[in-house]
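So the chains spell out like this:
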Amino acid sequence: MATAAQHASSPVHSPVPSVASRPTSRYGSGQTQHRSSRHSAAAYSISLTASVDDSDIDDDLARAQARLRELKAKISAQSKENFLLERDVRNLDSRIALLIENKLASEESEPIGITNEAREGSLPDRRKLDFYSNLFFILQTEPQYIATLCTLLSMSEMDSFLQTVMFTIYGNQYEQREENLLLSMFQSVLAYQFESTTEFSSLLRANTPVSRLMTTYTRRGPGQSYLKSALADQINYVNDHADVNLEINPLKIYDEVFQDALQAAHGDLSAVGIPRVVSSEVAAANERVREIMRPRVELVQKITGSFFAKITSSLHLVPYGIRWICKQIRALTRRRYPATEESAVCSLIGAFFFLRFINPAIVSPHSYMLVERQPGERPRRTLILVAKILQALANDPAYAKEPYMLSFAGFVDDNKAQMNKFLNDLCEVPDFHESLEFDSYVALSKTNLELSITINEILSMHQLLEKHSHALSSDKRSRLNVILRDLGQAPPVLPRKDNITIALPLFSRFQSEIEEQGQKLDITAIDLLLTEAKSVVVQILRSVPDSHAIAHRPLDLKLIAQFAASDPSDQSIGLKGLRLLSLSEDLFIHYETIIREEARSPKTSQDEEDQIDYEVRARSWQLFEDMIVTLSSEIEDELAQLGSLREKVASDISSLESVLATISEHNVYLKGQLASYNSYLTNVRLQSGAQKSTLADRRGGGLLDLHGKSSKTQKSQLLGPYKFTTQAMQKEGVIAVYNVPEQRVRNLYFMVHSSMPGSFTIGLHYKGKSSTLIELNLKLDDLLEMLRSEIHLLDLEYVKIYVPKMLEFLQKQFKRR
Amino acid sequence: MATREYNIVVLGAGGVGKSALTVQFSQGVFLDSYDPTIEDSYRRQIDVDGRSCMLEILDTAGVEQFTAMRELYIKSGQGFLLVYSVTDRASLQELIKLRDQVCRIKDSKNVPIVLVGNKADLAHARTVSFQEAKTLAQNWGTSSFYETSARTAAHVDDVFADIVRQIQRRESASSSSTAATFPVPPTPSSSSSYSSNGHGRNPSASEKHGHGHSYSISALSDKRSSGKRNSGRNSDLPVSKGGFEPKKKKKTGGLCVIL
Ligand SMILES: Nc1nc2c(ncn2[C@@H]2O[C@H](COP(=O)(O)OP(=O)(O)OP(=O)(O)O)[C@@H](O)[C@H]2O)c(=O)[nH]1
Ligand SMILES: [Mg+2]
């Protein structure tokens, strides 16, 4: 976790002097001066973040921002941990079920630990890790590969893949660069789905890897905190009124009426006077039922109305990424199905926003951590009704499947227009392409990018890429394929206990990368200079009081630079001033180079050269001056933004603090749950252990017991080691294939022991050799899991083991009671 | 003659046609448009083998974000329709896990289940063969299997009649072993504690009996100790889908049954 936190808090947008000062003038003749203003806009869009990340500045805003960053890093780390814990709990649950189903509960498995302990010797070697660094760099920065994988994988492969994608490769939930890369991955995936769908109606509604992807995304920190602010109050209100019965299904109300009548008749069925079971029509026509129903319908409508009002008024709180996905859905629908009616477009947006995001949280608020207690019977029903009505509002179905839902037809009509407006408003967010381009460039030059990742995440990803490499990139020389070739065959994943988390640095070994990438992204060194200059100016201005002479508008950058450079009171400001001066100089030189390139032509005389030289300098100066003016006004804007930023940061902090508190709580709960599981397992083991030893002796009868004594002690759970010849194993059907010459086979033998119920160590030996050829530790549930996932062969290098028989064999030989 | 009620729950992946199937059965209408379900309920009376049966059908959400609610549905149902679409292989695969979940929560391998392959009218888009699904149902032991079309109504009624018969069979089997008079009125301890009025589920009753919520280990060893299920050996190790809740003390003997 420590690495994740460090990683998250390291400023990624900090200015990058090393690159800025690198000679990168690769301006071709096609470049013209008006480009620079466009670039400046690109630079502008990220410099806000750049200036924010500077640690030198120590004002309130900077401190608040530091707190915010810290919170975000904690939330990222914590939600990853929760995700892992949830998976462990699920895993343990299903393994326990497996064990019980196989009536082997006493031979249970080792508890699953909360943290994985480090083990030497299981890591891929240094060289391999370097390749993996490259591989994951490519995966992160060229999102199309992951996008393609999403469409190729089966649902069962999806879970662990998504974990790696959402919580590791793009695990920094609040980091703009990773977020943007993740979103551009979504874009490809969505586009693919729209391309390949034959049925418009099931688009985004069926369960597909893509839908899983998008919902996993909504469950990250920002989505979570939105749900809390948009829904928690309303849900808690309903939940707190646990005794309010708002059932409106006439059939169910009729049952209530009948029960009341039965009670009035003191339980005498014959005296009730109405039939016990009736049809929907009869129930709906019953006078008493209608009487009860009317006020309930009204109240349900009111409650739904308040949910809807809160949701629409929280528009601005919806995380950017989620709104951006809505925007993509709308754009793709319009592009691919131009004839689609507006209402159908809205219902598709709703199929994501309400069906996959809002409504699941309303009907099971407990699993979204919005309430503390699971809602009781009645609030649960009320929440379901609210979700059903919102669903009807978003989808506008032509037919009411349940006739009683027609009671809300009026409500739906009244609110439909507003719903559609809301769904459209969701889509009104800017694209991020300009800043993304710039970010990737910055990222390339950064040295401290790293992922906190487990070995098995690395290996599984490698396996998936290997399996699908043809579909991913047909070009043999693509970077992906080059690296895959260098890596060789993907090794199998490690046993759980060896699966440690490492900090994998990300870098690209492709030399020409920066330039190539820069070219592709159409970004120049000038952008870098401008960004840094802007950031430096903002830092200088934030170090002086607002009333200071250099802070007067319009800003005079030259004055600011000279003032700062000569400021004797603050060394760091002095350095910034000097930096600013040199940046201006560089900027001018760059312009001059560009202009000169453009002006040069082979057939010029000396005279002409002189004339041109003058013109070049004049035009460069003009360009430079213009840029300074643009830059000044951008900086002014930015300072204004910083003002409002102060307020925004304060409110962000309080909302994030509550998110962190909730997920930390959930974390405690999960750990508790895991602990109960583990203690349950320990219980079972103790029970079986108590009766074990005598039976172990009995079982040991026909076998060579090398550690006779220790296996008798009450405490030790050790059985064996027992020796088994290959013939014996073959007879049992355990050995499927030999990979050694026939005459050697009889020199092989196995030593097997069980140090505790359900855990076996199998060693393969060669006669005359003292060392073990190969040793492996097998857990009963590992074997069961293999069977379940239909892995029947286990490769021991020298022999291949047939898993079902191995399981039978071990159970027979090591039966404990 | 009194009409018996049967609580049937329809489960399966999103968009396979659970609602279309249920609405076709209960209202005789085919739903052409896709309106994802959150939770709907239907009722229809039919005659099965001359007996009048009231079917209480719960149509559930296939959209995976709602699956947290499944556990509750499974607890409340007596018979289950597991629906996939013959045009969608993944939807069949999802049912394997689902059936495990049903058996686990119901604490039995003999839960009334019908495997349903819907959209059989879409012959050109078929990706799952009849035989393949049939084999799966056979592996499940007691389950029956039908291919249906909610569009043409083919075999839709058969599915529901079959599940009713299965529930009846199971009840008569369990009631004869406890030597009760037939028919047996549902009581909290012998039936799956579904309460017909839907809101009156009595949690204290199920806690007291250790049924309903719990997953008794002894019952799982049905091959060896079949018929001993009610012999007072209910293990104190409850497993529910949501998780294990280990108890501090266990009655001795609970574990012996396993081996
Ligand atoms: N051709 C054909 N289409 C069907 C059939 N059954 C359902 N459909 C169509 O499939 C789509 C989805 O059907 P639904 O019944 O809503 O699916 P569902 O399983 O209830 O989906 P969820 O409620 O999201 O779980 C609709 O457009 C139906 O018209 C069928 O038997 N044949
Ligand atoms: Mg449905």
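Residues numbered from 1 in each chain as written. Chains lettered and ligands numbered in written order. Predicted model: local features only at pLDDT ≥ 70, side-chain atom pairs only at ≥ 80, totals over all residues. Heavy atoms only, no water.

### Here's the deal with helix α11 (residues 250–264) of chain A
Put simply, the rule reads: Only runs of H or I of at least four residues qualify as helices and only runs of E of at least two qualify as strands under DSSP, and these elements are numbered from the N terminus. By this rule, a helix spans an expected 1.5 Å times one less than how many residues it contains. Burial classes: relative accessible area under 20% of the type maximum marks a residue as buried, over 50% as exposed, and values in between as partly exposed (1.4 Å probe, protein chains only). Two residues qualify as a contact provided that any one of their heavy atoms is within 4.5 Å of a heavy atom in the partner residue.
Under the 1.5 Å per step criterion, the end-to-end length of α11 of chain A is 21 Å for 15 residues, consistent within 8% with the ideal 21 Å. Every buried residue of α11 of chain A is accounted for by Pro250, Leu251, Lys252, Ile253, Tyr254, Asp255, Glu256, Val257, Phe258 and Leu262 of chain A. On its buried side, α11 of chain A packs onto α12 (280–285) and α13 (287–313) of chain A together with β2 (39–48) and β3 (51–60) of chain B.

### With respect to the sheet that holds strand β9 (residues 799–802) of chain A
Residue and element names in this part refer to chain A. Where we set the bar: Here, a strand pair is defined by DSSP locating no fewer than two bridges between the strands. Only the contacting stretch of a helix is used when fitting its axis, a line to C-alpha atoms as for every element, and angles between N-to-C directions run 0 to 180 degrees.
Taken in spatial order, the 3 strands line up as β4-β9-β8 in an open sheet, and their pairing is antiparallel. Of all the strands in the sheet, just β4 (735–738) and β8 (793–795) have a single pairing partner and so form its edges. Geometrically, the sheet is characterised by an average inter-axis angle of 25° between neighbouring strands, direction not taken into account. Taken strand by strand, helix α32 (residues 803–813) contacts β8 and β9, and its axis lies near 70° from that of β9.

### Details of the pairing of strand β5 (residues 113–118) of chain B
Residues and elements named next belong to chain B. Keep this limit in mind: If you view a crossover with the strands going away from you and the path from the first strand over the helix to the second runs clockwise, you call it right-handed.
Within β5, 6 of the 6 residues are buried, which leaves it mostly tucked inside the rest of the structure. The two faces of β5 match: Ile113, Leu115 and Gly117 on one face and Val114, Val116 and Asn118 on the other face are all buried. Examined bridge by bridge, strand β4 (residues 79–85) and β5 share 6 bridges and lie parallel to one another. Following the sheet pairing, tyrosine 84 is matched in β5 by glycine 117. Assessed by its sense of winding, the connection that carries the chain from β4 through helix α3 (residues 89–106) to β5 is right-handed. For β5 and strand β6 (residues 144–147), the ladder comprises 4 bridges, and the chain directions are parallel. Opposite leucine 115, over in β6, you have phenylalanine 145 as the bridge partner.

### Observations regarding the site of ligand 1
Residues and elements named next belong to chain B. The following threshold applies: Residues are classed as near a molecule or strand on a simple rule: at least one heavy atom within 4 Å of it. Here a polar contact means two N or O atoms within 3.5 Å. Within protein one must be a hydrogen donor candidate and the other an acceptor candidate, and residues neighboring in sequence count only if both atoms are side-chain atoms. The Shrake-Rupley method, run with a 1.4 Å probe, gives the accessible areas here. Residue values count only the displayed protein chains as cover. Nonpolar residues are Ala, Val, Leu, Ile, Met, Phe, Trp, Tyr, Cys and Pro. Charged residues are Asp, Glu, Lys and Arg, and all others, Gly as well, are polar.
Around ligand 1 sit 25 residues, and of these Lys18, Leu31, Tyr34, Thr37 and Asp121 come closest. Within the contact set of ligand 1, an oxygen atom lies 2.9 Å away from a backbone nitrogen or oxygen of glycine 17. Note that an oxygen atom of ligand 1 is positioned 2.6 Å from one of the side-chain N or O atoms of lysine 18. Taken by itself ligand 1 offers 650 Å² of open surface, and the protein chains cover 97% of this. Take the shell around ligand 1: its biggest share by element is 3 residues, from helix α1 (residues 18–27). Counted by class, the shell around ligand 1 contains 11 nonpolar, 9 polar and 5 charged residues.

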